[in-house]
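What follows is each chain in one-letter form.
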Amino acid sequence: QVQLVESGGGLVQAGGSLRLSCVSSTYILPRDVMGWYRQAPGQQREFVASIIWVDINYSDSVKGRFTISRDNAKKSLYLQMNNLKPEDTGVYYCKANLRSSGRDYWGQGTQVTVSS
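Quick caveat, the model's predicted, so the values are computed rather than measured. (Residues numbered from 1 in each chain as written. Predicted model: local features only at pLDDT ≥ 70, side-chain atom pairs only at ≥ 80, totals over all residues. Heavy atoms only, no water.)

S.K.: Give me the lowdown on the state of the cysteines, citing residues and values where you can.
M.R.: This structure, assessed with the given rule, holds one disulfide. Here cysteine 22 engages in a disulfide with cysteine 94; their sulfurs sit 2.1 Å apart. A torsion of -75° about the S-S bond marks the disulfide between cysteine 22 and cysteine 94 as left-handed. Here cysteine 94 lies in strand E9 (residues 90-97) and cysteine 22 lies in strand E3 (residues 18-24), a separation of 72 residues in the sequence. Look at cysteine 94 and you get buried, because its relative accessible area is 0%. (Disulfide = S-S within 2.5 Å. Helix = DSSP H or I, 4+ residues; strand = E, 2+ residues; numbered from the N terminus. Buried < 20%, exposed > 50% of the residue type's maximum accessible area, 1.4 Å probe, protein only.)

This is how it looks when you write it as structure tokens:
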């Protein structure tokens, strides 16, 4: 069983920065994809960024502003968010997909609020 715990959310003004962290209860292999998703009020959860080995992908809405990284030794995933916009507001979730089981694991989410 994999448990993921996010932290680092908060309230920030537009143009500001936040760094989200996600810590796993177990070691996740570099071959297993990890990612960040977000959900704004009244909207569906959407993809933000993912990383597997050195392959990184971003949604168009965050490209150039957000940076995803992982430290496998620390069982951690990060999301550096710069130049935040009000439309970045939402609950941010960490996700891991384990190739060995094919299962998705989600964290409980951390709230990010960007004021204009």
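There's plenty left to go through after this.
S.K.: Go over the packing of aromatic side chains with me, naming the residues and quoting the values.
M.R.: In this description, a pair of aromatic rings is defined by centroid distance and the angle of the planes. A full pass over the atoms with the stated rule returns three aromatic pairs. Taking 5.7 Å as the distance between ring centres and 75° as the angle between the ring planes, the aromatic pair formed by tyrosine 37 and phenylalanine 47 counts as edge-to-face. Of this pair, tyrosine 37 sits in strand E4 (residues 33-39) while phenylalanine 47 sits in strand E5 (residues 46-52); the two residues are ten residues apart in sequence, bridging distant segments of the chain. Residue classification places tyrosine 37 among the buried residues on the basis of a relative accessible area of 19%. With 5.1 Å between their ring centres and 65° between their planes, tyrosine 37 and tryptophan 106 make a pair best called edge-to-face. With a gap of 69 residues between them, tyrosine 37 in strand E4 and tryptophan 106 in strand E10 (residues 104-106) connect regions that are remote in the sequence. Joined through ring pairs, the aromatic side chains of Tyr37, Phe47, Tyr93 and Trp106 make up one cluster. When the ring centre of tyrosine 78 is taken as reference, the NZ or CZ atom of arginine 19 above it lies at 4.1 Å. Between arginine 45 and the ring centre of tyrosine 93, over which it is positioned, the NZ or CZ distance is 3.7 Å. (Phe/Tyr/Trp six-rings, centres within 6.5 Å; stacked < 30°, edge-to-face > 60°. Lys NZ or Arg CZ within 6 Å of the ring centre and 35° of its normal.)

S.K.: Requested: an account of the pairing of strand E6 (residues 55-58), with residues and values cited.
M.R.: Bridge analysis of E5 against E6 gives four bridges, and the strand direction is antiparallel. In the sheet register, isoleucine 52 faces E6, and the bridge partner there is aspartate 55. Between the antiparallel neighbours E5 and E6 lie two residues, among them tryptophan 53 with a positive phi of about 50°. (Pairing = 2+ DSSP bridges.)

S.K.: I'd like to hear about the side chain of lysine 95, residue by residue, with values.
M.R.: As for its placement among the helices and strands, lysine 95 is situated in strand E9. For lysine 95, a relative accessible area of 17% corresponds to the buried category. Leave out the neighbours within four places in its chain, and lysine 95 touches Leu4, Val33, Met34, Gly35, Tyr37, Asp104, Tyr105 and Trp106. (Contact = heavy atoms within 4.5 Å.)

S.K.: Let's hear about unusual backbone geometry: which residues, and what values?
M.R.: A positive phi is found at lysine 75, a non-glycine position, where the angle reads about 55°. Turning to its location among the elements, lysine 75 is positioned in the loop between strand E7 (66-71) and strand E8 (76-81). Given a relative accessible area of 31%, lysine 75 falls into the partly exposed group. Phi angles above zero are rare outside glycine, and asparagine 83 is one such case at about 50°. Among the secondary structure elements, asparagine 83 is positioned in the loop between E8 and E9.

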